[in-house]
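Close look at the chain arrangement
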Amino acid sequence: MVSIKDVAKRCGVSVATVSKALNDCSDISSATKLRVKRIADEMGYFPNLQAKALKTSKTKTIGIIYSNRLGNGLKQVYFSSIIESFKSAIEEDGYDLIFIGSRMSEEKKYTYYEHCKHRNVDGVLVACSDFYDSSICQLLRSELPVVVIDFFSKRDYSVCSDNRQGMRDILEYVYDMGHRKIGYIYGDTSQITTVRLDTFTETMKQLGVPVVFDYVKQGRYNDIRLAQKLTDDMLSLYDPPTCIIMPDDVSALGSFIAARDRNLRIPDDLSVVGYDGIPFTQISGPGLTTVYQDTDEMGKRAAELLLSRIRGEEISEVRMHTMVETQLIKGHTVKKMTI
């Protein structure tokens, strides 16, 4: 392996000069920088990142904590899209990503904080986790720069999708389309679910539409089979809803199956609304009416916020809690009712 000393010897300069040239220090001339970099490339020199980390206390590594109760991990299109956007943004700044678990060996289980310290990461992104878990809370209260996705507290740096606006947009559109018997299948217990459910109840009240107990059921995110069952349960009622709002676009497929099994057509016999704005739901069958969550922007904002924290930059309170706008996609799965 070519060392920095080898490069210095070939260039006829000191090791310090090579180091400064490779790091674009201002006290080295442009000509010297170009010459050193050219020779280093020709020799196949790569910087020793471990040695550099000892000097700078930075490893250029960011940890990601990603876990969920269903165990389907990155199969969730919403979160995997955010992480992909985040990855692209931090790689442009020269950082690498590693996924942080709670177990590093068969002998011992580590807390997330202990694992992050062991890996010596510069910062952490936390997505799709139980934010009330003691191990997550320990990490959030630590000295490590952390940014969380879709979780809000006054103390934590966060990037969230505007779920209140998303749910309001859905209900106002469904109401304008003439629906008054509106069902809602919501997802796993979480802060985001609570926000959406509270907004559903508040908006229904504002619109003067009664919330029917049998029309509101808890499901699970991205669980097609449970969504199918709960939709079928609602359709079995003496007076079923004319429109059902689903927790996400994947679950909406469950309602499509339930309707098909009853020889019902969407939207003629049943209107369905999803949530997330996953592309494939716009090209398969009738384009799904849904709320688009800008995962690209969320990942980018999360990267910018975390890098700012790592650099020790001053962050305004508004930027500390970044809210990303949603957009209603008026597809073809909500029928215009005759009032």
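It should be noted that the structure appears before, not after, this text.
Attention in this report is confined to the structure presented alongside it. Predicted, not measured: the structure shown is a model, and the values here were computed from it.

Linking two cysteines covalently via their sulfur atoms produces the bond known as a disulfide. This structure, assessed with the given rule, holds zero disulfides. We note that C25 lacks a disulfide partner, and the nearest cysteine sulfur, in C11, lies 15 Å from it. No disulfide involves C137; its sulfur sits 14 Å from that of C116, the nearest cysteine. Judged by its relative accessible area of 27%, C137 is partly exposed.

A full pass over the atoms with the stated rule returns six aromatic pairs. Plain terms: the ring middles of Y66 and F79 are 5.9 Å apart, the flat faces sit at 70° to each other, and that makes the pair edge-to-face. Here F79 lies in helix α5 (residues 77-91) and Y66 lies in strand β1 (residues 61-66), a separation of 13 residues in the sequence. Seen in terms of ring centroids, F131 and F151 are 4.5 Å apart; in terms of plane orientation they differ by 15°. Their pairing is stacked. In this pair, F131 is assigned in the loop between β3 (123-127) and α7 (134-140) and F151 in the loop between β4 (146-149) and β5 (158-161), connecting sequence segments 20 residues apart. Exposure class is identical for F131 and F151. Each is buried. What links up through ring pairs into an aromatic cluster is the set Y66, Y78 and F79. Across the ring face of Y175, the terminal group of R180 is positioned such that the distance to the ring centre comes to 3.6 Å.

Rules used throughout
- Sequence order as written defines the numbering, with residues in each chain counted from 1.
- Where totals are concerned, whole chains, interfaces and linings use all residues; where local detail is concerned, this predicted model gives features only for residues with pLDDT of at least 70, and gives and counts side-chain atom pairs only at 80 or more.
- In computing side-chain values, all of the structure's heavy atoms are included and hydrogens and water are not.
- Disulfide: a pair of cysteine sulfur atoms within 2.5 Å of each other.
- The rule is simple: take the accessible area with a 1.4 Å probe, protein chains only, and divide by the maximum for that residue type; under 20% is buried, over 50% is exposed, in between is partly exposed.
- Stacked, edge-to-face and tilted are the three classes for Phe, Tyr and Trp ring pairs, Trp counted by its six-membered ring, which pair at centre distances within 6.5 Å; planes under 30 degrees apart are stacked, over 60 edge-to-face, the rest tilted.
- The helix count covers DSSP runs of H or I at least four residues long, the strand count covers runs of E at least two residues long, and both are numbered beginning at the N terminus.
- Definition used: whenever NZ (Lys) or CZ (Arg) falls within 6 Å of the ring centre and also within 35 degrees of the ring normal, the charge is taken to sit over that ring.

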